[in-house]
Every structure is written in C-alpha cells, then in structure tokens.
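Structural characterization, general
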Amino acid sequence: MKDTTILEQKELDVMACGGWGTISSHSVTGAAALADYVDAKHGLLCHSLDAAYEALIRHFGAALANTAYGDYIVTAEVSEPLNSLVAVCVGAAPLFVPNCCSCGMAKPKAIEEALTSGKTVRCVTVDLLPEKIDDYKLDKLAEICKVNNVPLILNAGGYFSMKWQGKALVDFADAVIYSLEEGSEIYTGKGGFIATKDTDVYAGAFAYHNCGRGFGEGCSLNVDEIVGGDLRVTEWTSVAAEAILETKQFSEAAPRKLVKMAGQPVFESAYAKKMTGN
C-alpha cells in the first residue's frame, strides 16, 4: 500500500464505523499519538489553535473564581494575535511586555516584573521562534512562572518538532499549544492541539472544550455563567493526524508571523473594556 492511500483507508474506516462526530475513537487515539510525538503525558485535540488556547485559559481562569473581572494574561508586545484577542473574549486583558531584541521572544525579566506588579495574572503566554529557541532562557522563564505560581503556556505554532536544547517543551510549561492548520508540520486542514504533563490541566481543558462535560457520565463543570464551549474536533481531522504520524509525511512549517499587538485600538474599545473589566 502506498503511503498516500493510508489516510484514504483510515477515512473510509471512519465512514464505515459511523463515529463521525467528536470524542469518538480516533479523537482519542489521534491525540494520544500526538502527545507521544511531543513527549507529553496528555493530549487534547480541538477544532482550531484558538479553540485549544481558549479551553486552556478558561481552565486557568477558574482558579481565579473570586476575581470576576480585572485579571490579565501576560504576553509579548509583538506576538501571535490570538494570545491577546482570545484572552479578551474570555475576560482577561493583555498585559504586554517587551520582546527580546536578540531572539524576538518575550523577555523573561520583563515577565518577572509583570508577575510582581501586583496585578492578578491568569497565565503567561509566550510564542516560541524555532530559529532562536536554543538561545532563549526558557528554563529561567519556567522558574519565574513557578515561583510566582502562574501557569505558563508556550505557543509553538505549527512546529511540532521544536525542542529547547534537545529537551521537550512540555518539560518547561503547564501546557504547549500547537496548530494543525496551514503552515503546520502536521497539516490536517484545521485543528489545534494541547500537550501537557499535568492531569489536572488536561481534565480542566477537556471539560471546557466539551460543553462543560468532563470524563464519565454526569461529570460537569461547577460554574454559574458558562459551561464550556463546543471546541471539539471531528474524527476526520483526528485520523489525518494519525496518518501523518504513521507515514511520517510531514510538511514544512511556515515561518511564524508575529504582529505588534500592544497599542491596537481593539483593546481600548467598549467591547474589550466590558469583557475584561479593565
């Protein structure tokens, strides 16, 4: 059988089994295969990178139950737009920090200053640039977040093969998010992925991506205003990820496109202020 027919056969198998929706067998096995590929304990497939990020920051926001409004996410001034825009949609304002002049990523020292500023921070979200990753002080950043008890999310974009000085990214963060969309090494047409070694993070994100339902019958989030979103992915995307991993037919990841987000008018809009309370 040629490699090009493996995906076709897997898609036909899905069609024949009738499990076309979400959280069927391949959404589980596909996520497990991706988790294994990036050395994570748990993996969660969502319908987009934005959705994966949303599920995570909703989970991290649950720890701030007594702070209904006014919390922040810390990210770089020049960053992927979803880092700050999705945060606003779930009620967290962006707290921008400078980018490093030499590596282009968020300055760990500036992040430390933000975390000790007295503001309530939901999480730190940092984009990683593969061409400069080994020069970045990722170990220092991880320690800063740990000391300040603030979750760290690494946005790796479509670079599933990226490591830091030969070590897995999940070793340094509460979670890593990846894209399976155009420009990804694992291009399935659409999709986002959460990798983590923390079972609680996985379980929380799972519930928020599954209409508030956690594992097992009757499990649900204990929330007043939101029960999670329908952020799930179909079997078709999941089986495509499996086939790519099985055949090793990876794509070449596109260069990351970061944008100057600090100072964008949207953050001064009535909508943003209403959503974030800032």
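Above this note sits the structure.
What you see is a predicted model; the values in this text were computed from it and never measured.

Rules behind the numbers
- Residues numbered from 1 in each chain as written.
- Predicted model: local features only at pLDDT ≥ 70, side-chain atom pairs only at ≥ 80, totals over all residues.
- Heavy atoms only, no water.
- Phe/Tyr/Trp six-rings, centres within 6.5 Å; stacked < 30°, edge-to-face > 60°.
- Helix = DSSP H or I, 4+ residues; strand = E, 2+ residues; numbered from the N terminus.
- Buried < 20%, exposed > 50% of the residue type's maximum accessible area, 1.4 Å probe, protein only.
- Arc of directions from axis to C-beta.
- Contact = heavy atoms within 4.5 Å.
- Salt bridge = Lys/Arg side-chain N within 4 Å of Asp/Glu carboxyl O.

**Here we look at the packing of aromatic side chains**
Counted according to the given criterion, the structure contains seven aromatic pairs. For the ring pair phenylalanine 160 and tyrosine 178, a centre distance of 4.5 Å and an interplane angle of 15° mean the geometry is stacked. In this pair, phenylalanine 160 is assigned in the loop between strand 6 (152–157) and strand 7 (175–179) and tyrosine 178 in strand 7, connecting sequence segments 18 residues apart. Judged by its relative accessible area of 1%, tyrosine 178 falls in the buried class. Centroid distance tryptophan 164 to phenylalanine 172: 5.1 Å. Interplanar angle 75°. Geometry classified as edge-to-face.

**A word on helix 5 (residues 108–115)**
Regarding helix 5, the residues found buried are Pro108, Ala110, Ile111, Ala114 and Leu115. For helix 5, the buried positions fall inside an angular range of 160° around the axis, keeping them on one side. Buried residues along helix 5 sit in contact with strand 2 (72–76), strand 4 (93–97), strand 5 (121–127) and helix 6 (138–147).

**Looking at the pattern of salt bridges**
A full pass over the atoms with the stated rule returns eight salt bridges. Ionic pairing is found between aspartate 171 and lysine 197, a salt bridge with its closest N-O pair at 2.4 Å. One end of the pair, aspartate 171, is in the loop between strand 6 and strand 7; the other, lysine 197, is in the loop between strand 8 (192–196) and helix 7 (199–209), and 26 residues separate them in sequence. Owing to a relative accessible area of 42%, aspartate 171 belongs among the partly exposed residues under this scheme. Residue classification places lysine 197 among the partly exposed residues on the basis of a relative accessible area of 41%. For the salt bridge of lysine 273 with glutamate 268, the shortest nitrogen-to-oxygen distance reads 3.2 Å. With relative accessibility at 37%, the residue lysine 273 sits in the partly exposed group.

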